[in-house]
Amino acid sequence: MPKRKKSTSFLVLLSGVALAALVALAALGNVKGISGAGLRATTQAEATAVELALIASLTPSTATATTEATATPDRPPTETPRPTREPRPTRTARPTSTITPTPVPTATHTPRPTPRADPQGTDHYWFDRPIAPPDDNNVALFYPYASTGQGQYPVHSGVEFVNTIGVPVLAAGTGTIVFAGADGDPVRVGPPGREYDEDGSYYGNAVVIQHDETYKGQRVYTLYGHLDRVAVSVGNRVATGDKIGEVGSTGVALGPHLHFEVRIARNSYYDTRNPQLWLKPFAGNGTLIGRVIDERGDPIPEAYITLQRPDSEIIGRYEYSYAEGNLVNGDDEWQENFVIGDLPAGQWIVAASVGDRLITRQIFVVEGQTTWLWLEMPRDND
Ligand SMILES: [Zn+2]
């Protein structure tokens, strides 16, 4: 599947641009070290600027350039992100390669009984992708919802679809346009009350759709930010797949991409949910979600989560649990603090670690559905 290959190479690129794919494991270890608060940028605007410079440097063509010496880089290599912190000591999270129904955690404490009853969540994959093939309709892995891009950016209120300027942006579902134009004129759809660029615009040209269906009696909105062109007006009716604008880099964006949000109840920056729980998974894929918690049941922010097939040494995906802060929200029913979307169905070994604390589980991801996983971190070694 070209889609999956692309994501994997993108991930390898992110985790250590200068490194060959086969040392990706080591790079992933390094990456963990970056997540400290010390690297967090001081203002949202600065951070976002950095973020978008990164986006610009991570387009697929540049990705090729950085991994193949023969290609001509179109950006200076200094723009590429690189893990800089000290390597983590022995990465013990890698489970054995044999298929075992219950992987034994390598942590020294006695495994606790498998956690409480699962929450009674319900899937609501209402929306189509706002980008259609052959353009890139993958959610960018390096800066998913509620992540900080490993400590470098503000907590993310949406997801990115990295594409070139002019790529059509499509309505994710049927509804009515309630905002179309420059963020801040007259309404601000980005973070309220703050100025982020000379126009006071955060999302630049943006569109917000209020969808026809309500969710638990609440309004449901999708937002499309940083557009180059807006193709609709307030009051227009749109159907799923209608063109509403074009990808751009307006507002606080240095590189072209679509920023996509799902907002519940209020059309507000503070009322977002994880779009990956609302976008239909690709065929053959499902969604893994859950909570990484401590022994008191409290969520652990930015825990490092890896996924491997039971018979493989390769880390197929990695992710972090949601960052702290009140900018992002769990699903109304699930109340998750991590999501790994567009995950190929089947068996996976999931390992979550914080410092030297580690937990592993084996799970089965069902195509087209949400699979729930509790990860209760063992106590620290004393
Ligand atoms: Zn974004």
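Note that the structure is predicted; figures quoted are calculated from it, not measured.

Parameters and conventions
- Residues take numbers from 1 onward in each chain, read along the sequence in its written order.
- Local features in this predicted model are restricted to residues whose pLDDT is 70 or higher, and side-chain atom pairs enter the listing and the counts only when it is 80 or higher, whereas totals over whole chains, interfaces and linings include all residues.
- Comment: elements are numbered from the N terminus, with helices defined as DSSP H or I runs of at least four residues and strands as E runs of at least two.
- By the convention adopted here, residues are in contact when the distance between their C-beta atoms, placed from the backbone, does not exceed 7 Å.
- When DSSP locates at least two bridges between a pair of strands, those strands are taken to pair.
- Angles shown run from 0 to 180 degrees and are taken between the N-to-C directions of axes, each axis being a line fitted to C-alpha atoms and, for helices, limited to the stretch in contact.
- Burial is judged by counting the other C-beta atoms within 10 Å of a residue's own C-beta: 20 or more makes it buried, 12 or fewer makes it exposed, and any count in between marks it as partly exposed, with every C-beta position built from the backbone.
- Residues enter a nonpolar core if they are buried, belong to Ala, Val, Leu, Ile, Met, Phe, Trp, Tyr or Cys, and are joined to the set through C-beta atoms within 7 Å.
- The predictor reports its confidence for every residue as pLDDT, a score running from 0 up to 100.

Q: How would you sum up the overall build of the protein chain? Please name residues and give values.
A: When helices and strands are counted, the protein chain shows four helices and 16 strands. A fraction of 67% describes how many contacts in the protein chain between residues 6 or more apart in sequence connect residues 24 or more apart.

Q: How would you sum up the pairing of strand 15 (residues 357-365)? Please name residues and give values.
A: In the sheet, strand 14 (residues 346-354) pairs with strand 15 via nine bridges, with the strands oriented antiparallel. Counterpart to G346 in the pairing with strand 15 is V365. Here strand 14 folds back onto strand 15 in antiparallel fashion, the turn holding two residues, of which G355 has a positive phi close to 55°.

Q: Tell me about the sheet that holds strand 13 (residues 338-344), residues and numbers included.
A: Pairing between the strands of a sheet comes from backbone hydrogen bonds, and it takes one of two forms, parallel or antiparallel. Spatial strand order, 13-10-16: three strands in an open sheet with mixed pairing. The two strands at the open ends of the sheet, each matched to only one other strand, are strand 13 and strand 16 (370-376). For this sheet, the mean angle separating the axes of adjacent strands, direction not counted, is 25°.

Q: Describe in detail the pairing of strand 11 (residues 304-308), supporting the description with residues and values.
A: Each regular strand carries side chains that alternate between the two faces of the sheet. By the criterion of burial, strand 11 is predominantly enclosed, with four of the five residues buried. Examined bridge by bridge, strand 11 and strand 12 (residues 315-320) share five bridges and lie antiparallel to one another. What sits directly across from Q308, in strand 12, is I315. Taking the residues that link successive antiparallel strands as the turn, the strand 11-strand 12 hairpin has six residues. Bridge analysis of strand 11 against strand 14 gives five bridges, and the strand direction is antiparallel. Each residue of the ladder has a partner; that of L307, found in strand 14, is V350.

Q: Report on the sheet that holds strand 15, specifying residues and quantitative values.
A: Spatial strand order, 12-11-14-15: four strands in an open sheet with antiparallel pairing. Each having just a single partner strand, strand 12 and strand 15 make up the two edges of the open sheet. Along the sheet, successive strands turn relative to each other by an average axial angle of 20°, direction set aside.

Q: How would you sum up the nonpolar core? Please name residues and give values.
A: It is characteristic of soluble globular proteins that their nonpolar side chains tend to be buried jointly. In this structure, A206, V207, Y224 and A352 are the most contacted members of the largest nonpolar core, which totals 72 residues. In terms of residue count, the dominant contributor to this core is strand 5 (residues 220-230) (six residues). The residues contacting A352, other than those within four sequence positions of it, are V292, A303, Y304, I305, I359, L375 and M377.

Q: Which residues make up the confidence of the model for the protein chain, and what values do they have?
A: Here the protein chain shows a mean pLDDT of 75. Residues at 70 or above account for 66%. Here residues 1-117 is modelled with pLDDT under 50, and outside its nearest four sequence neighbours on either side it reaches 159 contacts, counting other chains as well.

Q: Which residues make up the environment of A146, and what values go with them?
A: Its place among the elements puts A146 in the loop between helix 4 (60-67) and strand 1 (159-161). In this structure, the C-alpha to C-alpha distance between A146 and P301, residues 155 residues apart in sequence, is 9.9 Å. The residues touching A146, leaving out its near neighbours within four places in the chain, are V155, H156, N274, Y322, A323 and V328.

Q: Any chance you could break down the environment of V350 for me, citing the residues and the numbers?
A: Considering the arrangement of structural elements, one finds V350 in strand 14. On the basis of neighbour counts, which here come to 25 C-beta atoms within 10 Å, the residue V350 falls in the buried class. In sequence terms V350 and L307 are 43 residues apart; their C-alpha atoms lie 4.7 Å from each other. Among residues more than four places away in sequence, those in contact with V350 are I305, L307, T360, R361, I363 and L373.

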